[in-house]
Amino acid sequence: MNAWIVALLVSFAADEQAARSVVIEGPLSGAQHLTRPGEGSAFVCARPGRFDVIAWSTLARGESSVEASLAVDGKRAVAWWVTEDASGASSLWMISDGGVIEMWSGRPGADAVRVFQDAAVRLPDGCFDLPFARDLDRDGAVDLVVPHADGLQLWMGVAGGAEPFRRGPLVRQNVNVSLDLPDRLDRPTTVSERLTIAGFEIADQNGDGHPDLAFKDGDLVQFFWSDRDGRLPESPSFELDLEQIRANLPKESGDLLDTSNLLKLLESQVSHVASDFDRDGHTDLLLRQGQKVSIYRGGESGIDREKAAQVLKTSGNLIAAFALDDNGDGKDDLCMLRVEDVSLGQLLLWIVAGGSLSFDLFAYWQDEPLRFARKPSAQRTLTVDFPSIISIAKQIEQDRDQLVNGFLRMPVSGDFDGDGIADDVARLTTTRALEWYQDAGRDTAFERRFAPWSAVVRRFDREARGARQMTIELTRLIDWAPLPGRDLAAFIDGKAPSRSVSVPRAANGRDARDDSASGANGPGDASGRGDSEGAENDDDSLPVVFVLDVDGDRIDDVVIAESGGGTSLILTAVPSRKP
Amino acid sequence: MLVVGLLAATLAEPEFVESRLEFPGRVLSYECPDINDDSRGDLFVVTREDEDRVLNYFAAAADGSFPDAPTWRLALPADVVAYGLFEARPDPGLEILLFSARGVYSLSTTKAGLKDNLVREIEIAVFPGLADPDMVPRWSLAKDLDGDGVDELLVTTKYEIAVHRAPRPQDGKGFVRIGTIPARPDDESPRARGRFDRRAEIRIETSLLDLFRGSTSSVPRFEQLRYLEHSQAMRVPALVDWNGDGRVDAIPKFDAAAIEVFEQHENLTFDATPKKVEFAIDESDDARIQLLDLDGDGRSELFVEREDGDGLSRDHVVTVFARGADGLFAKDARARVKLNASDVDWSVLDVDHDGRVDLVARVVDLPLGITDLAAVRLEMKLLVFRGQGGGELSRKPDFAFERSLKPEQMERIRESFVLDLGGDFDGDGINDLLSMQADGLLEITAVERDGNGLRLAAKTLTRHRPANPVRGTLPAELSHDGVSDLVLRHEKALTVFVSRGGGQR
């Protein structure tokens, strides 16, 4: 029998952070956090045939009891999501067979309430989470985004209306089906299908204070901009057909390779960035078409594609065109990243003997609203030196664990000190110390939205210390990879944590009440532990750190999820406290 | 347009009829079955035209040519997951099978369109049930399981692999379900979790990120909250005659240490639990293992591929273990071939038509120690080790074809690597080597006997310069005259050469 084991470490004492473990049998197909103002937080687990609600506080006492349960056995498909209403209370929403949409409060004895039905909903079989119920327009009513055969259907929640939802737009969105059928039967093989539907963007793009939506279906980008009342239109405010734009570029044969410059393929690239470059409250459009970069002005009703505000042409191999505030004047500047030519011969030589490759970043400052300098205002050059790729491959194999850790063990940000600002950082070290860095980002606002190019440029400026050219080894390029969380790592690098607590690894199937809490400790206290007892040296599974408010005190807490071996799971929650 | 051409004649080789088939969209796949039962291979081509996935059938004419326009054409309905070709009706020839979530349908190419043509043969919830709008894969799950000489059709659902037999005269209409193949859901697919049938074995190691989705976490996410990602998988066991009784057995799992087999008794009845047969082959865990009947005796040998070492200079090793009298694989290898190169692609093929398959190695090597751009090159080789019977292989290559490519010669990057030993183009009973020069010239070089071995002929058998870049080659038997025919695939066209006899057979 499959079993998931959930172990939990929680301390609700105001002045203590400690460890507790509990075992819960599975299996689970997912879990989501439930906020319940005044009732204490919980999490909902999807199990075969039912959903269970388990209060974090119950688990902390080692009881691991199910507080409420909802049976969904016998249904072909159940897609579910937890969403908050205007009061901050969350509930479980489900779509099941026939497009029936139900909502369950998660309270003991409560039944699911049928909310709506959209018979055109198309769902794959099984039980899976699906972010279909969210307040998209921030009007306090939950809206629905449900999959139809021909796109995503939006239903906008109507608070207090006769009908709970009014029909919104049906939008095309990137749907990908991948099939695997065996072509021979003389060895064990697999038949499989995989369905993915990309997420979509929710942000105020036209400066009216109301959220707007952007969907991408392959090369078709659709923007839905809300009106002054926050109402989203039923058809796109405007569209961008990147495929059509690409078709107008000079065509390169897919059968012939330019061996003198493999990067010539970049000339057929088309991409876009929609952002408010001049900070006038309206989203503008940066459109890259091969070697040409055009800026289009955005207004209340959309973006005027008839006439570009400015067009810049570049030579060389343009990797990317993007916008960031390079000179710190509060307006975005236009940046173009180019790389030198790479011949096939060079590439082969690099493999056996190594070499170097230079990247140039040109910044064109925005002198007037949407008027960028015609010549580069600033240039940075990054040269990457590398030994033979063979030796790099060997090095990567040797350093695999360290590299995986570097990629997957990022710090997290949140409001861990209860000051109402999510400028604190927490990190779980390889020696299983959970470290907090209070107000680590107070002087440098954390970006809510990850901007990879911006992260790379900041990294360059930090390391180059004013120089415009620098050279790094290829192995260090991995450190430069723009990852969400890497900026946080830079903020806390070299600093002593405000406090730390040891997180002992719970043994599978038993309570690990090894309290090893420390108060306001220095870095040598918990993080300095190098003993094998606390180190993760016997498990392939890296722990994942989540930021959740598990005790309902409106201060972010830390939950650590990791495999307990086999099919078991260990969940560790460590509450924060006011310093 | 039919073009009758003679490829450059350097030997007394046969004539070929050349046909060029143009399509308004990309060629996704093609094959050469005899659909209309006239003893000539036809062409069945799947294309992508605008938003449609299109099946095209071209019937071969008596002279070996093909018509410009398809003999039969069908834009597939959106819910079709896969297609197959199967003898589904008593009429002569093959029918087209269409697989969708609602069942298996048959179509005849003797009628146009779907109306009065489409017949639901099997009402079953086919898995996979989602159609890929950009492609339509071939359903290859068909095999003679009970040894009666007729293929059965295997249909996967989420919970079983059902076996169906095409109707016989006494059956009336419709396929007949005759059994199931023992199988189990894929227990290694993390997204297989969450199914309600409780049979799925679920692993969670890679699904930790799916907990508390939407919350901030320590693992980087490069995109906003994705809307849906949903995967399901069903394992299909190997279907081979393990015990040599003429019936196919089901092998859900095998590695170097053991094999699990559901032996088939009569009428597709299998053991309830698999028999585990252990053996002690000294191979690493990451070795790729296949069961292949190399010597044509009806019993499979264990064919093991592995790589030793790191980087671009690795040892690529094939080891063959033969079965002893007890049915188990002997611990000592019957054959072993080791090549040191950057990459080796192994395949097996009966090159000399002696009933024993031979080992073909396609080798790509990037010589190390070079520091001068002018000296950089890629080396390609094709080596053949003939099967000697009893699972043994030649100790040294019977022949080798070698080529060195400088970077500037790889403008036609796909064609530069074309090396095909699949066709006998002079009809002498030994397959010949098809290769392409760096400038796109196609060459066929005869392979001939050399005492007990083989060798490449000194002269090229024939040359041809295709009008368009070649994306694939398929030696095929269309005219069934003992001389192989050839299909060249271009992006939106096929060029077909059909022999008109005259070979050395």
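Quick note: structure is the one above.
The structure contained in this document is the topic of the report that follows. (Residues numbered from 1 in each chain as written. Chains lettered and ligands numbered in written order. Predicted model: local features only at pLDDT ≥ 70, side-chain atom pairs only at ≥ 80, totals over all residues. Heavy atoms only, no water.)

Here we take up the overall build of chain B. Within chain B, the secondary structure is distributed over one helix and 36 strands. Computed over its C-alpha atoms, the radius of gyration of chain B comes to 25 Å, within 12% of the 23 Å expected for a compact globule of 505 residues. Across its three principal axes, chain B shows a C-alpha extent of roughly 65 × 60 × 60 Å. Out of the 505 residues in chain B, the part that is buried amounts to 55%. Of all intrachain contacts in chain B linking residues separated by at least 6 positions in sequence, the fraction that spans at least 24 positions is 44%. Only carbon and sulfur atoms are counted for the fraction: they give 46% of the accessible area of chain B, which is about 21,400 Å². (Helix = DSSP H or I, 4+ residues; strand = E, 2+ residues; numbered from the N terminus. Rg over C-alpha atoms; globule rule 2.2 N^0.38 Å. Buried < 20%, exposed > 50% of the residue type's maximum accessible area, 1.4 Å probe, protein only. Contact = heavy atoms within 4.5 Å. Areas by Shrake-Rupley, 256 points an atom, 1.4 Å probe, with all protein chains shown as cover.)

Here we take up the overall build of chain A. In terms of regular secondary structure, chain A is built from eight helices and 37 strands. Expressed as a percentage of its 579 residues, the buried residues of chain A come to 52%. The contacts of chain A with a sequence gap of at least 6 include a subset with a gap of at least 24, amounting to 48%. On chain A, roughly 24,400 Å² of surface is accessible, and the fraction owed to carbon and sulfur atoms is 47%.

This part covers helix α3 (residues 344-353) of chain A. All names here are of chain A. Within α3, seven of the ten residues are buried, which leaves the element mostly enclosed by the surrounding structure. Every buried residue of α3 is accounted for by L344, G345, L348, L349, W350, I351 and V352. Directly after α3, the chain includes G354, whose backbone phi takes a positive value near 85°.

Attention now moves to the interface of chain A and chain B. By a widespread convention, an interface's size corresponds to the accessible area lost as its parts come together. Each partner contributes residues to the interface: chain A has 96 residues there, and chain B has 90 residues. Buried area between chain A and chain B, both sides added, is near 7,900 Å², and the carbon and sulfur share of it is 64%. Of all residues in chain A, A:L185, A:E193 and A:D255 give up the largest surface area on contact with chain B, accounting jointly for 11% of the area buried on that side. Our count for the contact surface shared by chain A and chain B stands at three salt bridges. Here A:D129 ties to B:R213 by a salt bridge, and the two come within 3.1 Å at their closest N and O atoms. Here chain A and chain B share 17 residue pairs in polar contact (both at pLDDT 80 or more) between them. Per-element accounting of the side of chain A that touches chain B gives the leading share, nine residues, to strand β15 (residues 189-197) of chain A. (Buried area = accessible area lost by both parts, 1.4 Å probe. Salt bridge = Lys/Arg side-chain N within 4 Å of Asp/Glu carboxyl O. Polar contact = N/O pair within 3.5 Å; in protein donor to acceptor, adjacent residues only side chain to side chain.)

Now for the sheet that holds strand β31 (residues 424-428) of chain A. Residues and elements named next belong to chain A. In spatial order, the strands read β30-β31-β32-β34; together these four strands make up an open sheet with antiparallel pairing. The open sheet terminates on both sides in strands that have one partner only, identified here as β30 (412-414) and β34 (499-502). Neighbour-to-neighbour, the strand axes of the sheet open up by a mean angle of 20°, direction not taken into account. Two elements, β30 and β31, share three bridges in a ladder whose sense is antiparallel. (Pairing = 2+ DSSP bridges. Axes fitted to C-alpha atoms, helices over the stretch in contact; angles between N-to-C directions.)

Moving on, we come to the pattern of salt bridges. Applying the stated criterion to the full structure yields 45 salt bridges over all chains. Of the charged contacts in the structure, one is a salt bridge between A:R194 and B:E229, with a shortest N-O distance of 2.6 Å. Placement of A:R194 in strand β15 and of B:E229 in strand β15 (residues 228-236) is noted, with the two residues assigned to different chains. Between A:R380 and A:D461 there is a salt bridge; the shortest N-O distance is 2.9 Å. With A:R380 in strand β29 (residues 378-386) and A:D461 in helix α6 (residues 452-464), this pair connects stretches of sequence that are 81 residues apart. Classification of A:R380 by relative accessible area gives buried; the value is 5%. A single salt-bridge network, built from bridges that share partners, covers B:R288, B:E305, B:E307 and B:R314.

Residues and elements named next belong to chain A. By the element assignment, T429 lies in the loop between β31 and β32 (433-437). Looking at T429, the relative accessible area reads 12%, which means it is buried. Here T431 takes part through its side chain, which lies 3.0 Å from a polar atom of the side chain of T429.

Attention shifts here to the sheet that holds strand β35 (residues 544-548) of chain A. Residues and elements named next belong to chain A. Taken together, the three strands give an open sheet; going across it, the order is β35-β36-β37, and neighbouring strands pair in antiparallel fashion. The open sheet is flanked by β35 and β37 (569-574), the only strands paired with a single partner. On average, adjacent strands in this sheet sit at an angle of 25° to one another, irrespective of strand direction. As defined by bridge partners, strand β36 (residues 557-563) adjoins β37 across six bridges and the pair is classed as antiparallel. The residue of β37 that forms the bridge with A561 is L571.

Let us look at the pairing of strand β4 (residues 68-71) of chain A. Residues and elements named next belong to chain A. Residue alternation in β4 divides its side chains into a buried set, A68 and L70, and an unburied set, S69 and A71. In this structure, strand β3 (residues 50-55) lies alongside β4, joined through four bridges in antiparallel fashion. What sits directly across from R50, in β4, is A71.

A separate point is the nonpolar core. Where a protein is soluble and globular, its nonpolar side chains tend to be buried together. In terms of nonpolar packing, the biggest core is built from 70 residues, with A:L130, A:F132, A:L144, B:V104, B:L153, B:I181 and B:Y227 touching the most fellow members. With four residues, the single largest contributor to this core is strand β12 (residues 151-157) of chain A. (Core = buried A, V, L, I, M, F, W, Y, C linked by side-chain atoms within 4.5 Å.)

On to α6(A). All names here are of chain A. Here α6 contains 13 residues, and its C-alpha end-to-end distance of 18 Å stays within 8% of the 18 Å for a straight helix at 1.5 Å per residue. Turning to α6, the residues buried within the fold contact β24 (317-324), β26 (355-364), β29, β33 (469-473), α7 (474-480) and α8 (486-492). R465 sits one or two positions beyond α6 and adopts a positive phi of about 50°. (Expected span 1.5 Å × (residues − 1).)

On to unusual backbone geometry. Glycine aside, negative phi is the norm for most residues, and most peptide bonds take the trans geometry. Along the chain, B:F127 connects to B:P128 via a cis peptide bond; the corresponding omega equals 5°. Looking at where B:P128 falls in the secondary structure, it is placed in the loop between β10 (119-123) and β11 (142-143). With a phi angle near 65°, A:R432 is a residue other than glycine that sits in the positive phi range. The topology assignment puts A:R432 in the loop between β31 and β32. In this model, B:L268 sits at a positive phi of 60°, which is unusual for a non-glycine residue. On the secondary structure map, B:L268 appears in the loop between β18 (258-262) and β19 (275-278). A residue is classified by how much of its surface remains accessible, and B:L268, at 7% relative accessible area, is buried.

Quick look at the packing of aromatic side chains now. Under the defined criterion, the tally for this structure stands at 18 aromatic pairs over all chains. An angle of 90° between the planes, with centres 4.9 Å apart, marks the rings of A:W350 and A:F386 as edge-to-face. A residue pair is termed long-range when its members are at least 10 positions apart, and A:W350 in helix α3 and A:F386 in strand β29 qualify at 36 residues. One exposure class covers both A:W350 and A:F386, and it is buried. Cluster of aromatic residues (ring-pair linked, three or more members): A:F43, A:W56, A:F546 and B:F212. Positioned above the aromatic ring of B:F329 is the side chain of B:R323, whose terminal nitrogen or guanidinium carbon lies 5.6 Å from the ring centre. (Phe/Tyr/Trp six-rings, centres within 6.5 Å; stacked < 30°, edge-to-face > 60°. Lys NZ or Arg CZ within 6 Å of the ring centre and 35° of its normal.)

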